[in-house]
Amino acid sequence: MDLIEVFLTAGFWAAMIRIACPLILGTLGELICERAGVLNLGIEGIMTAGAMAGWMWVYQGGDLWGGVVFAAVVGASLGLIHAGFTVYLGLSQHVAGIGLTMFASAMSFFTFRMMLPSSTTPPKIQGFQQVRIPGVSDLPFLGDAFLNHTPLTYATFLAVPAVMYVLYRTPLGLAVRMAGENPVAVEAQGIDVLAVRCGAVMAGSALMAIGGAYLTMSAFDAFYFGMINGRGWICVALVIFASWRPGKALLGALLFAGLDALQVRAQQFAGGAIPYQFFLMLPYVLSIAAMVVMARRARYPKALLVPYRRGERH
Amino acid sequence: MTLEPREHTPLWLVVMAPVAAVVASLVLCSVLILWTGQPVLKAYGLLLGGAFGSSFGIAETLTRSTPLILTGLAVAVAFRAKFWNIGAEGQLYCGALAATWLGTGMISLPPILMIPLLFVGGAVAGGVALLLPVFLKVRLKVDEVVTTLLLNFVILLLVSFLLEGPWKDPMSLGWPQAAPIVDEGVLPVLLAKSRLHLGLLVGLAAAILIWAAMRWSIWGYEIRAVGLNPQAAGFAGIPVNLTMLRVAMLSGGLAGMAGVGEVAGLKGYLTLDLSPGFGYAGIAVAMLANLHPIGVILSAVFLAGIYVGADSMSRAVNIPTYIADVLVASSVLAVLVSLMLVRFRVRFR
Amino acid sequence: MALEIRGVTKRFGALVANDGISLSVAEGEILALLGENGAGKTTLMNILFGHYVADEGEMLVDGRALPPGDTGAAIAAGVGMVHQHFALADNMTVLENITLGTEKLWSWRSDTAAARARIVEMAEAYGLTVDPDRRVDELSIGERQRVEILKALYRDARILILDEPTSVLTPQESDRLFDTLKAMVAQGLSIIFITHKLHEILAVSDRVTVLRRGAVVGTVATVDADRESLAEMMVGRKVARPRAEHLDPGRAVIELDAVSVAGPRGGNPVLDRVSLTVREREIVGLAGVAGNGQSALAALLSGTLAPSAGTVTLDGEPVRRFTAREFIIRRVGRIPEDRHATGVVGDLAVWENLISERLRETPLWRWGRIIDFAACKAYARRLVEQFDIRGAGIDGATRLMSGGNMQKLILARVLDRSPRFILASQPIRGLDEGAIAAVHQRLLDAKRDGAGVLVISEDLDEILSIADRVVVIHAGRTSPSLDIGDADARRLGLMMAGDLQHGAGAMAS
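Here the structure is a predicted model, which is why all the values come from computation and not from measurement.

Draft legend 1. Quick peek at the overall build of chain C. The secondary structure content of chain C amounts to 17 helices and 23 strands. A compact globule built from 509 residues would reach a C-alpha radius of gyration of about 23 Å, and chain C, at 24 Å, matches this within 12%. Burial status across chain C gives 47% buried among its 509 residues. Counting only contacts in chain C whose residues sit at least 6 apart along the sequence, the fraction spanning at least 24 positions is 68%.

Laid out in structure tokens, this is it:
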């Protein structure tokens, strides 16, 4: 099989969609936070906590969508902590985010160990199953590649236009974007900037957590330590690559996932001539490259990283 | 609620802030201990006893604190200049790689030269690992947080490749590990019947040197000015980019030395599990120390104590060792708040 | 009364920013609020608008008390504010800036078509034309101010507060603004006009309330007032700003020959073939509306920005390396536009900021590397005394100083090196009369000692009072220089609006 033929297999495209989903959700979540002016480096920990929360809910006998909601609630709560530190107390967004990642990861691992004190192989759950859409899913190639996925996958792809609509077509979205550009302008129009930012961080964190839950509930069906494996950081890079636009974020995540899926298949062709570690490096190297490419053109939200304190003149 | 900057901050407040933060996080974590069904005070007693209750415990704690002092300094120096180096973990492995490359038979030197060579080599390698992020930050304004974080994964995979491929020790019975450091390069043990090695003294010396340099040298002045207000520093003629580069080399170098200490002092050979996150813990060390070099020593010993104590506590009673990570992370978050209360006065209207 | 403020007091720590202030505005009236910088005008308006909460006192709109600390309630009661530093998001459209917060936050869609129609209609009614779909950063300063006013009108403001609205306008634009304001009061609006410029008060207001050090000094009808009495009420004593004396200029200390700075992403150049000369013993004023290239020119002459074309000659020698260090070594004294952001490192001690341009110099640094605390502090103590810098003491944090003392600190750092050329960007912005006099006196002294000075200012009064020659900048181009005797506010205003050759016949030297 030639490398080009990979593109003709439905399995490649289906894998790309699966790999993309957590990245799409994480990137959208980070994008919402940053659009409101708050860098959320808690993302890696929030995704871990979301993965853990979703898995735990189902493992304890809860239903799947309940698990998604629970993960979102956990994510939003962690977002509230981040907002408390960065929005209300005006602490360094870098440091608070790193601290939150440490905290959320540690709490997730602790909780996991409390529930399963001595298990070495993580127990599987019954995750989301693929749903065949009558008629279209039976289409040759297209059906298997794009129309034979889990409900959470479809929901993920619907989240993109939903976020776009809210950000660009509603008064709330306008307030969020403005809070990231010039919080003084928001305050001057009688809107509580801090509340807008806090809400955006909570909503964004909820999306990140669902992105984590996707891994345990729609991909691996189990929780592993270190399963997020830098996906959160990649999302932060993707937001920059996407120039803070949801549509481009979707494209970026798909492109990225496509290269990742390709990488796995290319390993087989390489037949050991190139050590597998170099293929595994690709996502991280590509993320850095993506940021470099976009760095010059990036139009970042002007008030990103700048805490707002009411009545302060600068 | 409004925050007002304090005009004067009494010294005792600055010193008490981290202590109060630690107490707060101990109180918070007692909820988790209650969840495990163990008595809180007994658990903390076991933790304290495991870390500091015996000469063996103290030696273990100091051994564990050795890399933490160095990675903590690496983070503290970088954060002072608002250079957000989150890549100490990767730089530590770079240092370990350099020590392995130099110290497994490439050259033979007497210990008096070999050991310094390993440290210098490790420091250079750690610094080199930061060249790309600092270049991208200065030239293209690419956020260094993400680049340093992502490089951690790249470097770890590189180490994995070397240990499974070209550098694999044929005597290792299939384990992915490198050849042992030659005898001349092994760091002397400081205390008989313990694992405590020369690296601790290197860390202490580094902390004191950096404290002195930050206070008295022109580089220290420049680093502080650039960290507090890069625009004004540049306007006054301080070479901001060069200062960033210096900070990056220093920071990466310190983290690299931590890797040298672990390979040449503790393990004797490079493995993939050389560091259980010392680079990331360095961030906690630096934050708890309020980025003060001497404070780093204290907070590194304290954090090492938590890790060592939590190990022995979890052996004695049924509490997952991850309680140590929760304690450390919540201390970091708490210290952020307490340090803010030191700078600002909260007024309720 | 449309608006009544009764006994408002606001303290920040030990500072009493507002001390029992009472004032009122009637329907259809323009009240001028006069006071120097730091008199408490802006604080008072921030309280009225809910950004701050007063410690004492109350505010009544149409007889109803305004809840404290609630911007939304102030807007709903019909109070609108035009901020001195525009509260606009540059990356967003005029429409977005105006409609923000006017619809229910949680509604599912926003009606942009109706909003656009209403904006266009209002703009025509008040002569405030502006395209609702343009991005704010594409607008001129004057247009941005119109957006700010439209923002207030869009929310049915009955009481409009304008904070130093003319500080960014040309004299002609100011006149146009006054016409707009008069049209507004004719329709029953009330206006509070905050300013420290006396002639504007006489031109536009019905009554004047004067503030000094946070307290009301008095309220007079404008017809009964004149410049001298108002000035004395504002400052509390006879005002005497130092005036320029003419000296014979010497050799050129700095010469710019066709200097250009390219714009971002291939846009219009920020500086376009600028030629300019400053000689020994003269002060040249650079006038212009904000955002016409002054910042780039200041950065260029500070050594923090390199030109893309043209030559800069310092003291007869062309400059090849554009670094701050190079300019400091070649004895250029630089007073930056933004004291807090560029002038000082606020969290360093006063003495540390005083030595920041003397790095590696003995005897402050031993072997050029190790700081000599004793020498540095002795040096700082001498400057603090010589330049009368007060507030924090040499070991205190610099951020705690007042603007005037911070400016004195920067002047001390600059003047102690006996500079050949001094670049002063907006040197008196935000300072009170006492500090203004001190700063101007220092610049005049430096001129007498042989330095050439370039003062970049948006305040025409400042330029007219201390400059020997004036150059006007517009859209990155500079006008021929004009002798101060040939310059007046009207003529400079036309030049600032783009007619750079206006009065070219009167070219000096």
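Draft legend 2. Representation of the confidence of the model for chain C within the structure. Here chain C averages 91 in pLDDT, and 98% of its residues register 70 or above. Overall fold confidence for the complex sits at a pTM of 0.92, while the interface term, ipTM, reaches 0.93.

Draft legend 3. View of the interface of chain B and chain A. Contact with chain B, which involves 39 residues of that partner, is made by 36 residues of chain A. Per-class residue counts for the side of chain B that touches chain A are 31 nonpolar, 6 polar and 2 charged.

Draft legend 4. Spotlight on the pairing of strand 8 (residues 190-195) of chain C. Burial of strand 8 of chain C is extensive: 6 of the 6 residues sit out of reach of the surface. Handedness of the strand 7 (residues 159-163) of chain C-helix 6 (residues 171-186) of chain C-strand 8 of chain C crossover: right-handed.

Draft legend 5. Expanded view of the nonpolar core. Core analysis: the biggest nonpolar cluster contains 392 residues, and Ala209 and Leu238 of chain A together with Leu73 and Leu303 of chain B have the highest contact counts within it. Top element by residues in this core is helix 10 (residues 193-219) of chain A. It accounts for 17 residues. Other than its neighbours up to four places away in sequence, leucine 73 of chain B contacts Ala206, Ala207, Ile210, Leu254, Pro293 and Val296 of chain B.

Draft legend 6. Representation of the sheet that holds strand 14 (residues 309-314) of chain C within the structure. Residue and element names in this part refer to chain C. Strands sit in the order 12-11-14-15 across an open sheet of 4 strands; the sheet is antiparallel. The sheet is open, and its two edges are formed by strand 12 (271-279) and strand 15 (317-318), each paired on a single side. Bridge count between strand 14 and strand 15: 2 bridges; the pairing is antiparallel. Bridge assignment links leucine 314 to a residue of strand 15, and that residue is glutamate 317.

Draft legend 7. Looking closely at the interface of chain A and chain C. Listed by partner, the interface residues are 20 residues for chain A and 26 residues for chain C. Considered class by class, the residues forming the side of chain A that touches chain C number 10 nonpolar, 5 polar and 5 charged.

Draft legend 8. Spotlight on unusual backbone geometry. Going from threonine 362 of chain C to proline 363 of chain C, the amide bond is cis rather than trans, its omega being 5°. With respect to the element layout, proline 363 of chain C can be found in the loop between helix 12 (350-354) and strand 17 (365-366). The backbone phi angle of tryptophan 244 of chain A is positive, close to 65°, even though this residue is not glycine. Mapped onto the fold, tryptophan 244 of chain A is located in the loop between helix 11 (231-241) and helix 12 (246-270). A positive phi angle, close to 45°, is found at arginine 273 of chain C, a residue other than glycine. On the secondary structure map, arginine 273 of chain C appears in strand 12. Its 15 C-beta neighbours within 10 Å are what place arginine 273 of chain C among the partly exposed residues.

Parameters at a glance
Numbering of residues begins from 1 in every chain and follows the order in which that chain's sequence is written. Think of it this way: whatever chain is written first is A, whatever ligand is written first is 1, and the rest follow in order. In keeping with the model being predicted, local features are shown solely for residues with a pLDDT of at least 70 and side-chain atom pairs are shown and tallied solely at 80 or more, while totals for entire chains, interfaces and linings include all residues. Here a helix means four or more residues in a row that DSSP labels H or I, a strand means two or more in a row labelled E, and each is numbered from the N terminus. In this description the radius of gyration comes from C-alpha coordinates, and the expected globular size is given by 2.2 Å times residues to the power 0.38. Comment: burial labels come from other C-beta atoms within 10 Å of the residue's own C-beta, placed from the backbone, where a count of 20 or more is buried, 12 or fewer is exposed, and between is partly exposed. We call two residues in contact if the C-beta atoms placed from their backbones are at most 7 Å apart. Residue-level confidence of the predictor is summarised by pLDDT, bounded by 0 at the bottom and 100 at the top. Asp, Glu, Lys and Arg are counted as charged, while Ala, Val, Leu, Ile, Met, Phe, Trp, Tyr, Cys and Pro are counted as nonpolar; the rest, among them Gly, fall into the polar class. Look down the strands so they point away from you; if the path from the first strand over the helix to the second goes clockwise, the crossover is right-handed. Here a nonpolar core is just a set of buried residues of the types Ala, Val, Leu, Ile, Met, Phe, Trp, Tyr and Cys, joined wherever their C-beta atoms sit within 7 Å. Any two strands with at least two DSSP-identified bridges between them are counted as paired.

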